[in-house]
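Remarks on the overall topology
These are the residues of each chain, in order.
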Amino acid sequence: MISMCKKGLRLGLIQLSVGANKANNVQNALKFVKKAKEGGSNIIVLPECFNAPYGTKYFPEYAESIPDGETSRALSAAAKEVKAYIVGGSIPERDGSKLYNTSTVWSPDGQLVAKHRKMHLFDIDIPGGITFKESEVLSPGNTPCIFDTEYCKIGIGICYDIRFFELAALYRKAGCDILIYPGAFNMTTGPLHWDLLARARAVDNQVFVAAVSPARDEKADYIAYGHTCAVDPWGKTLAQAGAEEELLFADIDFETMKNIRQQIPVSHQKRNDVYDLVVKSNL
Ligand SMILES: NC(=O)CCC(=O)C(=O)O
């Protein structure tokens, strides 16, 4: 499917410092949301787990319901105030007896327009590197998440979701032009994989990709890699943070995307007679 973003668009990507105090984390996020709007952003993105330290022992304590929890209420009000979309990174969500790692998307009038529960839980074991098992406390989401805007359709994944090229391909097939991944890679996998995966998903699918991390905190149990980035469909890095707290802007050039898709028309050259992507969930 060919779809084209219709208007110019600036992304504001917030590489936020996250600490133990939830209220402080949310207030700090709101401060940066305002700065992002002052800088001309139409869509503002926060990192994975932006209101809590990232770790299985923290998820139950910090979890709240969506959309009536305190963080949801704050994001809704902020989106309405700045009149921009906010992709609320992710927060630990409680729904009945289950916990999820969930991203919310708020429209410029403060409505919840999409919710993505991390589909691929981060369960890895690298001896001498990192062992992490989100599935000890979290349940996975089962539904891909697309939201439609006046600019284009946008697909959401959370962190480890970026490793699964099928999800990104599904989003492209459904007409998305931008993929947004709030994420918190670590110091073992981040240096080689974070940029590579963002650029790979962008080039594979000829879409823009934004991957937004918390700032690095060397004293945290889980040390995030940082390096928030935005990549264009050619694989060119449009904006890239270091390890510190930082607000980045990325301008989305739809002409570039259109030209690349015409010049290298892979979407028409797929051998669907030989292989195909089968989607088993309603979008
Ligand atoms: N929070 C996450 O899902 C981390 C993913 C990660 O670090 C990876 O290497 O993948």
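Residues numbered from 1 in each chain as written. Predicted model: local features only at pLDDT ≥ 70, side-chain atom pairs only at ≥ 80, totals over all residues. Heavy atoms only, no water.

Okay, the overall build of the protein next. A count of helices and strands for the protein gives seven helices and 15 strands. By its C-alpha atoms, the protein is 50 × 45 × 35 Å across when sized along the principal axes. Residues counted as buried form 55% of the 283 residues belonging to the protein. Residue pairs in contact within the protein that sit at least 24 positions apart in sequence constitute 70% of those at least 6 positions apart. Across the protein, the 32 positively charged side chains and the 33 negatively charged ones have centroids separated by 4 Å. (Helix = DSSP H or I, 4+ residues; strand = E, 2+ residues; numbered from the N terminus. Buried < 20%, exposed > 50% of the residue type's maximum accessible area, 1.4 Å probe, protein only. Contact = heavy atoms within 4.5 Å. Lys, Arg positive; Asp, Glu negative; His and termini not counted. Charge placed at Lys NZ, Arg CZ, Asp CG, Glu CD.)

Moving on: the site of the ligand. Residues in contact with the ligand, as listed here, are E48, Y54, K118, F122, C159, Y160, R163, A184, F185, N186, T189 and Y222. Here an oxygen atom of the ligand and a side-chain polar atom of K118 are 2.7 Å apart. Between an oxygen atom of the ligand and a main-chain N or O atom of Y160, the distance comes to 3.1 Å. If the ligand stood free it would expose 300 Å²; the protein chains cover 100% of that surface. Looking at the shell around the ligand, its residues break down into seven nonpolar, two polar and three charged. (Near = heavy atom within 4 Å. Polar contact = N/O pair within 3.5 Å; in protein donor to acceptor, adjacent residues only side chain to side chain. Areas by Shrake-Rupley, 256 points an atom, 1.4 Å probe, with all protein chains shown as cover. Nonpolar A, V, L, I, M, F, W, Y, C, P; charged D, E, K, R; others polar.)

Looking now at the UniProt feature "domain: CN hydrolase" (unreviewed entry) in the protein. Under the local residue numbering, the UniProt record ascribes the feature "domain: CN hydrolase" (unreviewed entry) to residues 9–254. This span, residues 9–254, is 24% helix and 30% strand, and a straight line between its end C-alpha atoms measures 9 Å. (UniProt positions renumbered as here; feature names shortened; annotations may be inferred.)

This part covers the pattern of salt bridges. Taken as a whole and judged by the stated rule, the model has 15 salt bridges. Residue D221 pairs with K57 through a salt bridge whose shortest N-O separation is 3.1 Å. In this pair, D221 sits in the loop between β12 (208–212) and β13 (229–231) while K57 sits in the loop between β2 (43–45) and α2 (59–62), placing the two residues 164 residues apart along the sequence. Each member of the pair, D221 as well as K57, carries the same accessibility label: exposed. Its salt-bridge partner being R117, residue E93 comes within 2.9 Å of it at the nearest N-O pair. Separated by 24 residues along the polypeptide, E93 in strand β4 (residues 91–95) and R117 in strand β6 (residues 112–117) bring together distant segments of the chain. No difference in accessibility class separates E93 from R117, as the two residues are buried. In this structure, a network of salt bridges that share partners links the residues E93, D95, K115 and R117. (Salt bridge = Lys/Arg side-chain N within 4 Å of Asp/Glu carboxyl O.)

Right, let's talk about helix α5 (residues 190–205) for a bit. Under the 1.5 Å per step criterion, the end-to-end length of α5 is 22 Å for 16 residues, consistent within 8% with the ideal 22 Å. Within α5 the residues assigned to the buried category are G190, W194, L197, A198, R201, A202 and N205. Contact partners of the buried residues in α5: α4 (165–173), β11 (176–182), β12, β13 and α6 (254–263). Q206 sits one or two residues past α5 and shows a positive phi near 55°. (Expected span 1.5 Å × (residues − 1).)

So, on to the packing of aromatic side chains. Scanning the entire structure with this criterion turns up ten aromatic pairs. Measuring from centroid to centroid gives 5.5 Å for F132 and Y222, while their planes differ by 75°, and the two rings are edge-to-face. Taken together, the residues span a long stretch of sequence, with F132 in strand β8 (residues 131–133) and Y222 in the loop between β12 and β13 at a distance of 90 residues. Each of the two residues, F132 as well as Y222, counts as buried. (Phe/Tyr/Trp six-rings, centres within 6.5 Å; stacked < 30°, edge-to-face > 60°.)

Examined bridge by bridge, strand β5 (residues 98–106) and β6 share five bridges and lie antiparallel to one another. The partner of T102 across the bridge, within β6, is R117. Between β5 and the antiparallel strand that follows it, β6, lie five residues; G110 among them carries a positive phi value of about 85°. (Pairing = 2+ DSSP bridges.)

Moving on, we get to a nonpolar patch on the surface. Judged by side-chain polarity, W234, I264 and V266 come together as a nonpolar surface patch covering roughly 270 Å² of accessible area. Structurally, the position occupied by V266 is in helix α7 (residues 266–269). (Patch = residues over 30% accessible without salt bridge, like charges linked within 9 Å, V, L, I, M, F, W, Y side chains within 5 Å.)

It is worth spelling out unusual backbone geometry at this point. For residues that are not glycine, phi is negative in most cases, and the peptide bond is trans in most cases. Note that the residue after I66, namely P67, is joined by a cis bond; omega there is 15°. Mapped onto the elements of the fold, P67 is located in the loop between α2 and α3 (70–82). Here Q206, not a glycine, exhibits a phi torsion of approximately 55°, which is positive. Mapped onto the elements of the fold, Q206 is located in the loop between α5 and β12. The backbone of H227 sits at a positive phi, close to 60°, despite the residue not being glycine. Tracing the backbone shows H227 in the loop between β12 and β13.

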